[in-house]
Amino acid sequence: MAAGALSSILAILAYLVPFIVDALKKYQVTTQGGNHDANIQEFRKSLAQNDRVGIAARLADQHDRVRAALRGR
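The model shown is predicted, which means the values in this text are computed figures rather than measured ones. (Residues numbered from 1 in each chain as written. Predicted model: local features only at pLDDT ≥ 70, side-chain atom pairs only at ≥ 80, totals over all residues. Heavy atoms only, no water.)

Asks: Help me out: how do you make sense of the pattern of salt bridges in this one?
Replies: By the definition in use, this model includes 2 salt bridges. Among the salt bridges present, the one from E42 reaches R58, with a minimum N-O distance of 3.6 Å. Taken together, the residues E42 in helix 2 (residues 36-48) and R58 in helix 3 (residues 52-71) connect sequence positions 16 residues apart. The exposure class assigned to E42 is partly exposed, which follows from its relative accessible area of 36%. On the accessibility criterion, R58 (28% relative accessible area) is partly exposed. (Salt bridge = Lys/Arg side-chain N within 4 Å of Asp/Glu carboxyl O. Helix = DSSP H or I, 4+ residues; strand = E, 2+ residues; numbered from the N terminus. Buried < 20%, exposed > 50% of the residue type's maximum accessible area, 1.4 Å probe, protein only.)

Asks: Looking at this structure, how should I read the packing of aromatic side chains?
Replies: Where two aromatic rings form a pair, the distance of their centres and the angle of their planes describe that pair. Applying the stated criterion across every chain yields a total of 1 aromatic pair. Relative to F19, the ring of Y15 lies with its centre 5.5 Å away and its plane at 65 degrees, an arrangement referred to as edge-to-face. Of this pair, Y15 and F19 both sit in helix 1 (residues 2-31), separated by 4 residues, roughly a single helical turn. Judged on exposure class, the residue Y15 and its partner F19 are both exposed. (Phe/Tyr/Trp six-rings, centres within 6.5 Å; stacked < 30°, edge-to-face > 60°.)

Asks: When you look at helix 3 in this model, what are you seeing that I'm missing?
Replies: Here helix 3 spans 29 Å end to end across 20 residues, near enough to the 28 Å set by a 1.5 Å rise per residue. For helix 3, the elements touching its buried residues are helix 2. Looking one or two residues beyond helix 3, the residue adopting positive phi is G72, at roughly 90 degrees. (Expected span 1.5 Å × (residues − 1). Contact = heavy atoms within 4.5 Å.)

Put into structure tokens, the structure is as follows:
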């Protein structure tokens, strides 16, 4: 019985691992600024709300991404 339960758990994990890895990759792209559409929408939202701190943060983030791209990262 224990072997059957272990086999079932391993089968479920084998099924879920690709979904988890894909979600982590998408999260990493989003947190590193790779999702350009999301970055533009966040910047527009900050502009619409006249959020000076948000605008400054988005501009600094854009500056960092441009510098990293110019360095070839």
